[in-house]
Amino acid sequence: MSQNRQPSALSTIESLVKALSSINAFLPAAAPGVAAIVGIFKSGIKAGKSLAEMEAEAADTDATTGRVRDKSKKQMGDQA
Amino acid sequence: MIRSKQIVGQFALAIVLAFQTATPAQLVLTGASATAAVTAVACGPDTLEKLNTTLNQVAHALEAAIDTNGRLYEAGAYGAKGSPEAIQMRQRVARVVNDSNEFLIQAVDIAKGLTKETFEANKLRILEKLSLAATGLTIGHATIDLVLQSVTTLINQAVAIAQIFKASDVKHIKRIIPALNEHLKAFARVREITTGLEVFAE
């Protein structure tokens, strides 16, 4: 967990991670998404990235928001 | 719907900004959808880097949410696959994720055009878009709501980080602007700074 987060955020995130982890036991379909989010929380925020790393991260953000747009539109539109 | 979300988002932003000066370190906002921990983060030259990373994490959390939505629908968690109620639930979740993602895209796009003279105004616009992105992320289904709450928490982290930028702080801006320059090269749109001492161009 990132050292940059203060106690209140930490406890909220820990509570979320705990609750998310409990989902796996009774709703396996949600497991991949839950694992992804737990991974995001655990990755925290690293300081001291190189410019190339930041550029890659910014490009990844653009690509990811683009995928979310496509997937959400498809899920909104599909009638089956 | 978007209009009402904007009003709610502006209200949420007003609360965030009002409390920004009143509470020094921590602020916990309790909303209908989630309890979000907003944390003041130590300001430094790597702050934009943290914001960049957090926005990236929000994007990935939204992708995890939309993927989970599809899987829950396929698995029958919303009701029998193909049934009207299951389709409706999947569409509702997809809509709130889509709305949040669009506001996140707008926040990122605003960040691409930052200059010193528009810094404060754009910061407010970024905060507003992030507040809007965090608004309405609840459906009434325990599992997907938990996933959406995770997104809200990450967005509030980004809000907390964005809040600490202050262009009026000259000492601070001397450290931040080079960091901005480095950061915004990724967006290929750094513009001229009016001090006349430094020019940041594409």
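Bear in mind that the values here come from a model prediction, so they are computed numbers and not experimental data. (Residues numbered from 1 in each chain as written. Chains lettered and ligands numbered in written order. Predicted model: local features only at pLDDT ≥ 70, side-chain atom pairs only at ≥ 80, totals over all residues. Heavy atoms only, no water.)

Peer 1: Help me understand the overall build of chain B, please; the structure alone is not making it clear to me.
Peer 2: Across its full length, chain B holds six helices and two strands. Beginning at the N terminus, the succession of helices and strands in chain B can be written as α-β-β-α-α-α-α-α. Once local pairs closer than 6 in sequence are excluded, the contacts in chain B between residues at least 24 apart make up 67%. Of the accessible surface of chain B, which amounts to about 8200 Å², a share of 57% is contributed by carbon and sulfur atoms. (Helix = DSSP H or I, 4+ residues; strand = E, 2+ residues; numbered from the N terminus. Contact = heavy atoms within 4.5 Å. Areas by Shrake-Rupley, 256 points an atom, 1.4 Å probe, with all protein chains shown as cover.)

Peer 1: Could you clarify how one ought to interpret the interface of chain B and chain A in this entry?
Peer 2: Listed per partner, the contact involves 59 residues of chain B and 51 residues of chain A. Summed over both partners, the interface of chain B with chain A buries about 4700 Å², with 61% contributed by carbon and sulfur atoms. On the chain B side of the interface with chain A, the three residues burying the most area are E49, E63 and L146 of chain B, jointly 11% of the side's total. Remark: the boundary between chain B and chain A carries four salt bridges. Of the charged contacts, one joins E63 of chain B and K71 of chain A as a salt bridge, the two residues approaching to 2.9 Å between their closest N and O atoms. If you list the elements that add at least two residues to the side of chain B that touches chain A, you get β1 (26-30), β2 (35-39), α2 (47-74), α3 (84-112), α5 (142-163) and α6 (170-184) of chain B. A total of 22 residues in the side of chain B that touches chain A trace back to one element, the largest contributor, which is α2 of chain B. When the residues that make up the side of chain B that touches chain A are grouped by side-chain class, the tally is 26 nonpolar, 21 polar and 12 charged. (Buried area = accessible area lost by both parts, 1.4 Å probe. Salt bridge = Lys/Arg side-chain N within 4 Å of Asp/Glu carboxyl O. Nonpolar A, V, L, I, M, F, W, Y, C, P; charged D, E, K, R; others polar.)

Peer 1: How should I be thinking about the confidence of the model for chain A in this particular structure?
Peer 2: Do not read the fine detail of predicted coordinates wherever pLDDT is low. In the predicted model, chain A carries a mean pLDDT of 81, and 86% of its residues have values of at least 70. Considering each helix and strand of chain A separately, the mean pLDDT is smallest for helix α1 (residues 7-26) of chain A, with a value of 74, and largest for helix α3 (residues 51-77) of chain A, with 92. (pLDDT = per-residue confidence, 0-100.)

Peer 1: How should I be thinking about the side chain of N122 of chain B in this particular structure?
Peer 2: All names here are of chain B. Of note, N122 is situated in helix α4 (residues 119-134). Residue classification places N122 among the buried residues on the basis of a relative accessible area of 7%. Among the polar contacts listed, one links the side chain of N122 to the side chain of R125, at a separation of 2.9 Å. (Buried < 20%, exposed > 50% of the residue type's maximum accessible area, 1.4 Å probe, protein only. Polar contact = N/O pair within 3.5 Å; in protein donor to acceptor, adjacent residues only side chain to side chain.)

Peer 1: Please explain the confidence of the model for chain B as it appears in this structure.
Peer 2: Residue and element names in this part refer to chain B. Chain-level pLDDT for chain B is 68 on average; 53% of the residues reach the 70-or-more range. Confidence, expressed as mean pLDDT per element, reaches its minimum in chain B at β1 with 28 and its maximum at α3 with 93. Scored below 50 in pLDDT, residues 169-202 makes 57 contacts in the model with residues more than four places away or belonging to other chains.

Peer 1: Hey, could you run me through the packing of helix α2 (residues 31-43) of chain A against α5 of chain B in this one?
Peer 2: Angle between the axes and distance between the axes: these two values describe a pair of packed helices. Running from amino to carboxyl end, α2 of chain A crosses α5 of chain B at an angle of 25°, the nearest separation of the two axes being 10 Å. Here α5 of chain B runs roughly parallel to α2 of chain A, going by the angle between their axes. Like other packed secondary-structure pairs, α2 of chain A and α5 of chain B cross with a definite hand, here left-handed. Touching I37, I40 and F41 of chain A of α2 of chain A are V147, S150, T153 and L154 of chain B, all from α5 of chain B. Residue classes in the contact of α2 of chain A with α5 of chain B are distributed as five nonpolar, two polar and no charged. (Axes fitted to C-alpha atoms, helices over the stretch in contact; angles between N-to-C directions. Parallel < 35°, antiparallel > 145°, perpendicular 65-115°, else oblique. Left-handed = near helix turned anticlockwise from the far one by under 90°.)

Peer 1: What am I meant to see in α2 of chain A here?
Peer 2: Residues and elements named next belong to chain A. The terminal C-alpha atoms of α2, which comprises 13 residues, lie 18 Å apart, in line with the 18 Å expected from a rise of 1.5 Å per residue. Among the residues of α2, G33, V34, I37, V38, I40 and F41 are the ones counted as buried. All buried residues of α2 lie within an arc of 155° about the axis, which places them on one face of the element. Following α2 by one or two positions, G44 has its phi on the positive side, about 60°. (Expected span 1.5 Å × (residues − 1). Arc of directions from axis to C-beta.)

Peer 1: I'm lost on the environment of D78 of chain A in this one. Help?
Peer 2: Residue and element names in this part refer to chain A. You can see D78 is positioned in the segment after α3. Since its relative accessible area comes to 28%, D78 is described here as partly exposed. Residues D78 and A58, spaced 20 residues apart in sequence, show a C-alpha to C-alpha distance of 30 Å.

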